[in-house]
Amino acid sequence: MCSSDLLYHVMIEVAVHDKDGIEFWKENCLDRQSIYWDDFMDLFLEDYVYLPDEPTQKQIEEAQPFQLSEYSSRNLKHASVVAAEWKRRFGSSTAPANIAELEQEFEVKLKCFKTLIVTEGPGDAEMVDLEKFGDVLQWFGPIRDEDGEVRILDRVAEVLGNEGFHGDITAPKAQELLNAYKEPGMYLVRFSSLHGQYAITHLNAEKVPNHHRISCKLGKGFYFREKYYPTITGLIEAVTPVLGLTKPCPGSKYQSIFSGVGTDYLYKKIGRAHV
């Protein structure tokens, strides 16, 4: 390995702590610090989301509808395989009537992921840079769970879909938002200043802002009082009686992503996942 390649490997391993994330960047972007979003998305979906060209019967049977639709679109042979699977599931060789709705749900998850990971490049180009990629994986990784399943897009959407999540705002900004309402128990969840960690800011009974850092561990979830919670919803439910939380602070910039789309689907496949 030449010295320049060695340097690239070191830079990637410093920025990214998830083994699949390291492998992804080394294989696709080894000598680059950033990649266009469209290229990143195509590579990510091919590696971790869409079905392989020769899936097993189990993979076909366990595939989500949007995965089957994408697989069917590749060629006539694949379309025939998917038609047989539609018939097995629904008694008809055509896609279910609500396939457009199911595909929209997937598009919402991708939009959430894009909102977090994209940075502005030259000429307003949408880019994904190495450092931001590593940050997102620390907050929402791993890419692949211990059972081999990829649930990172579900986790991202579940967190952003929570009304109380405000993302990358500072502690002073969190206080400013809450002080505008002055309602005891009102709260918000945000990224902590420490990478990979979260924080809950809320107003106590005296209407004074309190901050509580929530540690987060890859593959386990949110840690509070000697217990891990796999979802942000579960975490908030657990801390509500302890901290006296009442309702989320309005104004999350992420809520517009879910306009017209219900969020119940976000919780179906996250039970064993880390957020």
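One can find the structure itself at the top, above this paragraph.
Presented here is a report on the structure given in the accompanying data block. (Residues numbered from 1 in each chain as written. Predicted model: local features only at pLDDT ≥ 70, side-chain atom pairs only at ≥ 80, totals over all residues. Heavy atoms only, no water.)

### Notes on the nonpolar core
So, point 1. One finds Phe40, Phe133, Phe140, Leu160 and Tyr198 to be the most contacted residues of the largest nonpolar core, which totals 57 residues.
So, point 2. Tallying contributions element by element places helix 7 (residues 99-117) first for this core, with seven residues.
So, point 3. Counting eight residues, the second largest nonpolar core, distinct from the first, contains Leu51, Leu68, Tyr71 and Val82. (Core = buried A, V, L, I, M, F, W, Y, C linked by side-chain atoms within 4.5 Å. Buried < 20%, exposed > 50% of the residue type's maximum accessible area, 1.4 Å probe, protein only. Helix = DSSP H or I, 4+ residues; strand = E, 2+ residues; numbered from the N terminus.)

### With respect to the sheet that holds strand 1 (residues 34-36)
In a beta sheet, neighbouring strands are held together by backbone hydrogen bonds and run either parallel or antiparallel to one another.
So, point 1. With antiparallel pairing, three strands are arranged side by side in an open sheet as 1-3-2. Looking at which strands have only one partner, the edges of the open sheet turn out to be strand 1 and strand 2 (119-120).
So, point 2. Against the sheet, helix 3 (residues 37-48) makes contact with strand 1 and strand 3 (126-129), and its axis sits at roughly 90 degrees relative to strand 1, the strand it touches most. (Pairing = 2+ DSSP bridges. Contact = heavy atoms within 4.5 Å. Axes fitted to C-alpha atoms, helices over the stretch in contact; angles between N-to-C directions.)

### Details of helix 6 (residues 76-90)
So, point 1. Given a rise of 1.5 Å per residue, 15 residues ought to cover 21 Å, and the 20 Å separating the end C-alpha atoms of helix 6 matches this to within 8%.
So, point 2. Listed in full, the buried residues belonging to helix 6 are His78, Val82, Glu85 and Trp86. Projected onto a plane normal to the axis of helix 6, the buried residues spread over an arc of 105 degrees and lie on a single side. Exposed positions of helix 6 whose direction lies more than 90 degrees from the buried face are Leu76, Lys77 and Lys87.
So, point 3. Looking at where helix 6 begins, the residue whose side-chain oxygen comes 3.1 Å from the main-chain nitrogen of Lys77 is Asn75. (Expected span 1.5 Å × (residues − 1). Arc of directions from axis to C-beta. Polar contact = N/O pair within 3.5 Å; in protein donor to acceptor, adjacent residues only side chain to side chain.)

### Regarding the packing of aromatic side chains
So, point 1. For the structure on display, the rule yields 23 aromatic pairs.
So, point 2. Measuring from centroid to centroid gives 6.1 Å for Phe140 and Phe191, while their planes differ by 80 degrees, and the two rings are edge-to-face. With a gap of 51 residues between them, Phe140 in helix 8 (residues 130-140) and Phe191 in strand 5 (residues 187-191) connect regions that are remote in the sequence. Neither Phe140 nor Phe191 differs from the other in exposure class; each is buried.
So, point 3. Site record: aromatic cluster; members linked through ring pairs are Phe24, Trp25, Trp37, Phe40, Phe44, Tyr48, Phe113 and Phe133. (Phe/Tyr/Trp six-rings, centres within 6.5 Å; stacked < 30°, edge-to-face > 60°.)

### Notes on the sheet that holds strand 7 (residues 209-217)
So, point 1. Reading across the sheet, the six strands line up as 4-5-6-7-8-9 and stay open at both edges, with mixed pairing between neighbours. Each edge of the sheet is formed by a strand with only one pairing partner; in this case those strands are strand 4 (165-167) and strand 9 (227-229). With strand direction ignored, the average angle separating the axes of adjacent strands in the sheet is 35 degrees.
So, point 2. In this structure, strand 7 lies alongside strand 8 (residues 221-224), joined through three bridges in antiparallel fashion. The partner of Lys217 across the bridge, within strand 8, is Gly221.
So, point 3. Helix 11 (residues 232-243) contacts strand 4, strand 5, strand 6 (198-203), strand 7, strand 8 and strand 9 of the sheet and is inclined by roughly 15 degrees relative to strand 8.

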